[in-house]
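# Chains, contacts and geometry: an overview
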Amino acid sequence: MATFYLDYEGGSDANNGTTFALRWKTLTLGATAARIAPGDTIRVMASPDPTSLGNGTWTGGGRPAAKNITSSTNATPIVVTITAHGYATGDYVSVVSHTTNTNANGIWKVGTTTTNTFELLQLDGSNTTGNGTGGSTGNVTKINNCVVKLASPLTKNVALCGGLGQKPAWTASASVTATQNTSDYKEGYSSAQIAIAAGFTTGKAAYYTLPASLDLSGYQQVCFWIKQVNGTVGAAGATYLALCSDTTGDTVVHTCNVPALGALNVWVPVVVDLGTNLGATIQSVAFWVVTDNGAQTFLIDNIFAAKASSSADSLNLRSLISKSDGTGDEAWYALQSVNYDVAFLANGNGVISTNPVLRGYNGTSETVTTYKRETIKTAVVAAATTTVQEVMDSGTAGNSITFSGGWNRTDMSTQTGQTWFDGLNGNGRGVYVNGKSYVTVDRLNCCRYASGLYISGGTLNAVPSVYATATSAEGVNIGSQECSITNIWVNNNGEAGNDYGLYMTIGSVGSSVTNVKSADNCAETGVYVNTVSNVSFGSITGGNCGVNTNNGVVFVTTASNIALGTCTITNSAASPGFYVNVSTNISTTGGSTSGCASGVSVNNPSSLFLNNFTINEATEVAAISFGRGSMVYSNRHDNTDGNNWQWQGSGTINQQTSVVDSPATTSWKMSVTNSGATGAAAPLALKLGTVVCDAGALVTVTARMRRTNTGLTMRLVCPGGQIVGVASDVYTDMTAAANTWETVTITFTPTKAGGVDIYAYAFGGTTYSGYVCNLAASQV
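Right, let's walk through the structure included here. (Residues numbered from 1 in each chain as written. Predicted model: local features only at pLDDT ≥ 70, side-chain atom pairs only at ≥ 80, totals over all residues. Heavy atoms only, no water.)

## So, the overall build of the protein
Formally: Numbering goes from the N terminus for both helices and strands, where a helix is a DSSP run of H or I of at least four residues and a strand is a run of E of at least two. In what follows, a contact means two residues having at least one pair of non-hydrogen atoms within 4.5 Å. Computed with a 1.4 Å probe, the accessible areas rest on the Shrake-Rupley method; for each residue, only the protein chains presented here act as cover. Counting rule applied: Lys, Arg positive; Asp, Glu negative; His and chain ends not counted. Lys charges are placed at NZ, Arg charges at CZ, Asp charges at CG and Glu charges at CD.
Helices and strands together make up the secondary structure of the protein, namely zero helices and 62 strands. Dimensions of the protein, computed from C-alpha atoms along their principal axes, come out at roughly 105 × 70 × 45 Å. A fraction of 69% describes how many contacts in the protein between residues 6 or more apart in sequence connect residues 24 or more apart. Total accessible area on the protein stands at roughly 25600 Å², and carbon and sulfur atoms take up 49% of it. Within the protein, one finds 36 positive and 44 negative side-chain charges whose respective centroids are separated by 3 Å.

## Concerning the environment of Ala 88
As for its placement among the helices and strands, Ala 88 is situated in the loop between β6 (78–81) and β7 (92–96). Put simply, Ala 88 and Thr 114 are 26 residues apart on the chain and 9.0 Å apart in space, counted from C-alpha to C-alpha. Once residues within four sequence positions are removed from consideration, Ala 88 is found in contact with Val 110 and Thr 113.

## Looking at unusual backbone geometry
Here Thr 76 and Pro 77 are connected by a cis peptide whose omega angle stands at -5°. Checked against the element boundaries, Pro 77 lands in the loop between β5 (71–72) and β6. That bond from Ser 662 to Pro 663 is cis: its omega, 10°, falls within 30 degrees of zero. Mapped onto the elements, Pro 663 comes out in the loop between β54 (651–656) and β55 (667–672). One non-glycine residue, Ala 84, adopts positive backbone phi at about 50°. Looking at where Ala 84 falls in the secondary structure, it is placed in the loop between β6 and β7.

## Some thoughts on the pairing of strand β26 (residues 366–373)
Heads up, the condition is: Paired strands, in this sense, are two strands between which DSSP finds at least two bridges.
Summarising the sheet, strand β3 (residues 51–58) and β26 pair through six bridges and their orientation is antiparallel. Considered in β26, the bridge of Ser 52 is made with Tyr 371. Judged from the three bridges that link them, strand β23 (residues 320–322) and β26 form a sheet pairing that is antiparallel. In the sheet register, Leu 320 faces β26, and the bridge partner there is Arg 373.

## Observations regarding the nonpolar core
Operational definition: The definition of a nonpolar core used throughout is a set of buried Ala, Val, Leu, Ile, Met, Phe, Trp, Tyr and Cys residues joined through side-chain atoms within 4.5 Å. We call a residue buried when its accessible area falls under 20% of the maximum for its residue type, exposed when it is over 50%, and partly exposed in between, using a 1.4 Å probe and counting protein chains only.
Counting 69 residues, the largest nonpolar core has Ile 42, Phe 403, Phe 537, Ile 562 and Phe 578 as its most contacted members. When residues no more than four places from it in sequence are discounted, the contact partners of Phe 578 are Val 554, Leu 564, Cys 567, Ile 569, Thr 588, Gly 599, Val 600, Ser 601, Leu 608, Leu 610 and Phe 613. Counting residues in each nonpolar core, the second largest holds 37 residues, with Ala 178, Ile 196, Leu 216 and Phe 298 among its members.

## Some words on the sheet that holds strand β59 (residues 730–733)
Operational definition: Lines fitted to C-alpha atoms define the axes, with helix axes restricted to the stretch in contact, and inter-axis angles between N-to-C directions lie between 0 and 180 degrees.
Within the open sheet, the four strands sit side by side as β56-β61-β58-β59. Their pairing is antiparallel. The open sheet is flanked by β56 (684–693) and β59, the only strands paired with a single partner. Looking at each pair of strands side by side, their axes are set apart by 20° on average, direction ignored. With four bridges connecting them, strand β58 (residues 713–718) and β59 associate as antiparallel partners. For Arg 715, the partnering residue across the bridge sits in β59 and is Asp 733.

## Notes on the pairing of strand β48 (residues 598–603)
Of all six residues in β48, six are buried, a share of seventy percent or more. Where strand β45 (residues 576–581) and β48 come together, five bridges link them in parallel fashion. In the sheet register, Tyr 579 faces β48, and the bridge partner there is Ser 601. As defined by bridge partners, β48 adjoins strand β51 (residues 621–624) across two bridges and the pair is classed as parallel. Its bridge partner lying in β51, Val 602 is registered against Ile 624.

## Comments concerning the side chain of Ser 190
Applied cut-off: Counted as a polar contact is a pair of N or O atoms within 3.5 Å, where, for protein atoms, one must be capable of donating a hydrogen and the other of accepting one, and residues adjacent in sequence contribute only when both atoms are in side chains.
The residue Ser 190 is located in the loop between β14 (176–181) and β15 (191–196) in this model. At a separation of 3.3 Å, a polar atom in the side chain of Ser 190 contacts the side chain of Gln 180.

## Focus: the packing of aromatic side chains
Operational definition: The rule is short: rings of Phe, Tyr and Trp, with Trp giving its six-membered ring, pair when the centres are within 6.5 Å, and they are stacked under 30 degrees, edge-to-face over 60, tilted in between. For a lysine, the NZ atom is tested; for an arginine, the CZ atom; a charge sits over a ring if that atom is within 6 Å of the ring centre and within 35 degrees of the ring normal.
Overall, the coordinates contain 21 aromatic pairs when judged by the stated rule. Here Tyr 528 and Phe 555 contribute two aromatic rings whose centre-to-centre distance is 4.7 Å and whose plane-to-plane angle is 10°, an arrangement assigned as stacked. Here the residue Tyr 528 occupies a position in strand β39 (residues 525–530), and Phe 555 occupies one in strand β42 (residues 554–557), the gap between them amounting to 27 residues. Each member of the pair, Tyr 528 as well as Phe 555, carries the same accessibility label: buried. An aromatic cluster is present here, built from Tyr 500, Tyr 503, Tyr 528, Phe 555 and Tyr 579 joined pairwise through their rings. Across the ring face of Trp 407, the terminal group of Arg 43 is positioned such that the distance to the ring centre comes to 3.8 Å. When the ring centre of Tyr 432 is taken as reference, the NZ or CZ atom of Arg 429 above it lies at 4.8 Å.

## Things to note about the pattern of salt bridges
Rules: By convention in these notes, a salt bridge is any Lys or Arg side-chain nitrogen within 4 Å of a carboxyl oxygen on Asp or Glu.
Summed over all chains, the structure comprises 14 salt bridges. Between Asp 422 and Arg 448 there is a salt bridge, with its nearest N and O atoms 2.6 Å apart. Note that Asp 422 is positioned in strand β29 (residues 419–422) and Arg 448 in the loop between β32 (444–447) and β33 (451–459), a separation of 26 residues in sequence. When sorted by exposure, Asp 422 lands in the same class as Arg 448, which is buried. Connected via shared salt-bridge partners are Lys 323, Glu 330 and Glu 366.

## Remarks on the side chain of Asn 571
You can see Asn 571 is positioned in the loop between β44 (566–570) and β45. Assessed through its relative accessible area of 18%, Asn 571 is described here as buried. Here Asn 362 takes part through its side chain, which lies 2.8 Å from a polar atom of the side chain of Asn 571.

The following block contains the structure:
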């Protein structure tokens, strides 16, 4: 049972890993199966501790609906008209698809407002200028929850920053075309597109003359987004961005090499630390080609200067930000862009941008100390399924192999922090446990991968504590058997459908998941449980999920016996909080939903049992399938004693005290809302109880029933096939007039001993109600 040391930044896989001085570099090539054994612990060096950026204003509340534009002015500043828009001065808004006055498109700060109009200002408060009078096209969305407003600017804009609907064009060299791409960008409403023809070879491809000379002498790092959309992907340094002292991009002051991008069609955040102060007279920016790789097309966006990396408040595109100093439960967020005093939280995996208002922050609105942390950059890979780091050996029962992150950066003697691995381009599996058993993964956190932590196969693996933030598909993917998972944070995962926070699928039988602290801002689902059984969860909190499909924070399909614990779900405005499909015995011990499209949606005979649960939506239960097996049951609904409800495809059932027949003090009200077309084939069904029977003796079952209209059939039923001797349904319908109590009786004689369930059925019409109480049974 040895201890080994691993440092992705300063280690070497040629070392033996037995001491800090001889630490390994990677999980895959350092901690090989030949080097580690059951019971060993592999300590992984922490990434740098968080540092303070000063105060930041965070705004929660989910995604407000977009509002259609009536018109806009060709003026300075641009004024937009939307009747009763509800925006306030200082709000941040995204304008998309506005025609004619295309300069209105982008991300802006709201200036002066009236009831029906508002000004568009640049993020630094300066004016916008229209380029035509715009009519009723496009829409506006408030994006305050996507913005962290810093107390003061920490960076300096260079180029391709700001809302500018059409950012200024670059000047192209021969055999190069420079245009604006208005469908793929990281900030505003366009990016610079530089298309290099096959005959260009090498040299300056294009340049942009800055509106005025910039003094960048207070900064040491250059940051920008880049994406290659066609051609051969070059090695590091095959191209570079230049800061120049002349106006035509020829006198290069700073060369900012583009790293290996890994793949086509993924945005990569680039941060070049020059280690010295930048120039005091920068007048242009240019894009240069060093290696002739034939025809290639690049997109570039959001170029700005950042402080020295040694500065505590040095913020760059690879930083993560949070309200946590590293000890609390707050999530960490990647950045979409940085502009003036505004940090935009990454959309999806932080490397794809199609709509900057899909994600954001989902917590408490407040101004608090805001922190940033830097990550450990791993290999950039080309495919979502490529392994970046892999666990290479299994432990045994009682002797797990432990991969333990967060060990201090001086000698790895104390576990005081967190380890953050960063894939940069949204591809690959950050930490992959494939077919290994008895492996413990602790404090190894992942961002900007296709899957952060991916466990496939094996048995009895453990995950004591992991963050997975800003990843493109699953934050944590569990496909193994009997995983023990605690303290999982997953947020801002994914861009399109089938992108999840915590994903548990085939084989996760008998797993336990304790304390999913955040399942926020996932494209489809915060917690997804698929084709498994007997999984026990602790608390789950989260929201803003299900943006692109009909799934909310918790989605369960083809599963059974899933205990979800206390679930708190908020602001999934496009989706239900729970979506349960082809699953049985799904339950919670408490919690609430609020701000969702509906509280619950249950389909294709499924059952969900809520206990001490509050549903704040007007539509508490949305879609629900017909059939006896499909239902939602809420015990102590809205945390109120005696408030017990069932929802079925044919209607609702609730315990009440207003209409009761003595000696009962409560009765069950069966309200048919949707069974007119299905009748007895899909009745509203209430299980009244189970009767234990002896063989060969007559069983008599009675219940008191009442109905509001004779168009409603109220039936007492013993479904057939439950016990030998009772092959078909045994039932009796009530015959009394409306609003009259009647004793309804059924009898049957089983030929073998056993138990039978007794039901009340109600069907007919869509507005009638029936009542049932005082079930009694005897056998003679």
